[in-house]
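Chain and residue survey
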Amino acid sequence: MGTVIMHSVVSVDGFIADDNGDVGPLHEWYFSGDVPISVGGDEPADHSAAASRIKVSPASAEYVGSMWESIGTIVMGRTLFDQVNGWEGKPPAGDHVVVVSHRPKPAGWHPEASYHFVDDITAAIDTAQRLAGDRTVAVNAGDVGAQILAAGLVDEVAMDVVPVIFGSGRRYFGGIDGQRLLDDPHVVIQGERVLHLKFTVRR
């Protein structure tokens, strides 16, 4: 089974979006460098179905490119799915998406896309790992990611920390309660306007 990584871009005070779900300046570093990121081919990655192609700093390009290339399945919550309309059936990385939701896939929504709707976090990770094989399962941070972390199903926490303070909004760790220990970061990479960190979850 591949590694399960909880991941998102995050403000220095721990938010992945504002109260309305707007990421504001959190993704600006994706488009402020000189190096295009390619995933699975020669074409630059088109993150979140953005019209603008990603170009980042050399340090970020090596880290982000290899990380996205490793992803087999993305796990996301229904709120994000609805907000981005499931990236129109074309995930920014990987071949499959598992949506944690008590509601089914919208009728007629991109039947060709490998999107699976599951109403339980354990079943979601089981499905994601089966689909990913030995590739990485990337869990989007937020409420669903926090539930998966609290259930002991996350191996690593990855944060792309951007120097901005939101003050309020949607938290990286959702509404998780109690302490969770992480090991010292085994990845620390300084990009331009972003700091890439990766931690192993201590068992």
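Here the residue index of a chain counts from 1 through its sequence in written order. For a predicted model such as this one, the threshold for reporting local features is a pLDDT of at least 70, and the threshold for listing and counting side-chain atom pairs is 80 or more; totals across whole chains, interfaces and linings nevertheless cover every residue. Derived side-chain values reflect all non-hydrogen atoms in the structure, with water molecules and hydrogen atoms excluded from consideration.

**Some points on the overall build of the chain**
Only DSSP runs of H or I covering at least 4 residues are called helices, and only runs of E covering at least 2 are called strands; the numbering of each starts at the N terminus. Along the chain, the regular secondary structure elements total four helices and 12 strands. We take the radius of gyration over the C-alpha atoms and set the globule estimate at 2.2 Å times the residue count to the 0.38 power. Taken against the 2.2 N^0.38 rule, which gives 17 Å for 203 residues, the C-alpha radius of gyration of the chain at 16 Å falls within 12% of a compact globule. The C-alpha extent of the chain, read off along each of the three principal axes, is 40 × 40 × 35 Å. Each of the 203 residues in the chain was classed as buried or not, and the buried ones make up 48%. Note on areas: Shrake-Rupley with a 1.4 Å probe; residue coverage comes only from the protein chains shown. When the accessible surface of the chain is totalled, it reaches about 9,900 Å², and 50% of it is carbon and sulfur. Positive: Lys, Arg. Negative: Asp, Glu. His and the chain ends are not part of the count. Working definition for charges: the position is that of NZ of Lys, CZ of Arg, CG of Asp or CD of Glu. Computed over 15 positive and 27 negative side-chain charges, the separation of the two mean positions in the chain equals 3 Å. Summary of the burial criterion: residues with accessible area below 20% of their type's maximum are buried, those above 50% are exposed, and those between are partly exposed, where the area comes from a 1.4 Å probe applied to protein chains only.

**Things to note about helix α3 (residues 121-132)**
Multiplying one less than the number of residues by 1.5 Å gives the expected span of a helix. If you check α3, its first and last C-alpha atoms are 16 Å apart, about what 12 residues at 1.5 Å a residue would give, namely 16 Å. Of the positions making up α3, those classed as buried are Ile-121, Ala-124, Ile-125, Thr-127, Ala-128, Gln-129, Leu-131 and Ala-132. In this fold, the buried residues of α3 make contact with β1 (4-11), β5 (71-77), β6 (96-100), β7 (115-118), β8 (136-140) and α4 (143-150). Polar contact criterion, stated in full: a pair of N or O atoms within 3.5 Å, where within protein one must be able to donate a hydrogen and the other to accept it, and residues adjacent in sequence count only if both atoms are side-chain atoms. The backbone nitrogen of Thr-122 lies 3.0 Å from a side-chain oxygen of the residue at the head of α3, namely Asp-120. Where α3 ends, the next residue or the one after it, Gly-133, has phi of about 65 degrees, a positive value. Only heavy atoms matter for contacts: two residues are in contact if any of them lie within 4.5 Å across the pair.

**Section: the layout of surface pockets**
Empty space within the largest pocket amounts to approximately 1,100 Å³. Using a 1 Å grid laid over the protein atoms alone, points where a 1.4 Å probe fits but cannot get out form a cavity; open sets with protein on both sides within 12 Å along at least 5 of 7 lines form a pocket; any residue with an atom within 4 Å of a point counts as lining. As for the largest pocket, its lining consists of 47 residues, and the residues nearest its centre are Ser-8, Ile-16, Leu-80, Asn-140 and Ala-141. For the lining of the largest pocket, the element with the most residues is helix α2 (residues 78-84), which contributes five residues. Classifying every residue of the lining of the largest pocket by side-chain character gives 24 nonpolar, 17 polar and six charged. Grid points are joined across faces, edges and corners, and a volume is the space filled by probe spheres set on the points. Asp, Glu, Lys and Arg are counted as charged, while Ala, Val, Leu, Ile, Met, Phe, Trp, Tyr, Cys and Pro are counted as nonpolar; the rest, among them Gly, fall into the polar class.

**Observations regarding the pattern of salt bridges**
Throughout this description, the term salt bridge denotes a Lys or Arg side-chain nitrogen within 4 Å of a carboxyl oxygen of Asp or Glu. By the definition in use, this model includes five salt bridges. Arg-78 serves as the salt-bridge partner of Asp-82, at 3.0 Å between the closest nitrogen and oxygen. Of this pair, Asp-82 and Arg-78 are both found in helix α2, four residues apart, which corresponds to roughly one turn of the helix. The exposure class assigned to Asp-82 is partly exposed, which follows from its relative accessible area of 40%. Between Arg-103 and Asp-82 there is a salt bridge; the shortest N-O distance is 3.0 Å. You can see Arg-103 sitting in the loop between β6 and β7 and its partner Asp-82 sitting in helix α2, a full 21 residues away along the chain. One network of salt bridges, with partners in common, ties together Arg-78, Asp-82 and Arg-103.

**Describing the packing of aromatic side chains**
Pairing of aromatic rings covers Phe, Tyr and Trp, the last counted by its six-membered ring, and requires centre-to-centre distances within 6.5 Å; plane angles under 30 degrees mean stacked, over 60 mean edge-to-face, and any other angle means tilted. Under the defined criterion, the tally for this structure stands at eight aromatic pairs. Measuring from ring centre to ring centre gives 5.1 Å for Phe-81 and Phe-117, while their planes differ by 85 degrees; the resulting arrangement is edge-to-face. Placement of the pair is Phe-81 in helix α2 and Phe-117 in strand β7, with a sequence separation of 36 residues. Owing to a relative accessible area of 1%, Phe-81 belongs among the buried residues under this scheme.

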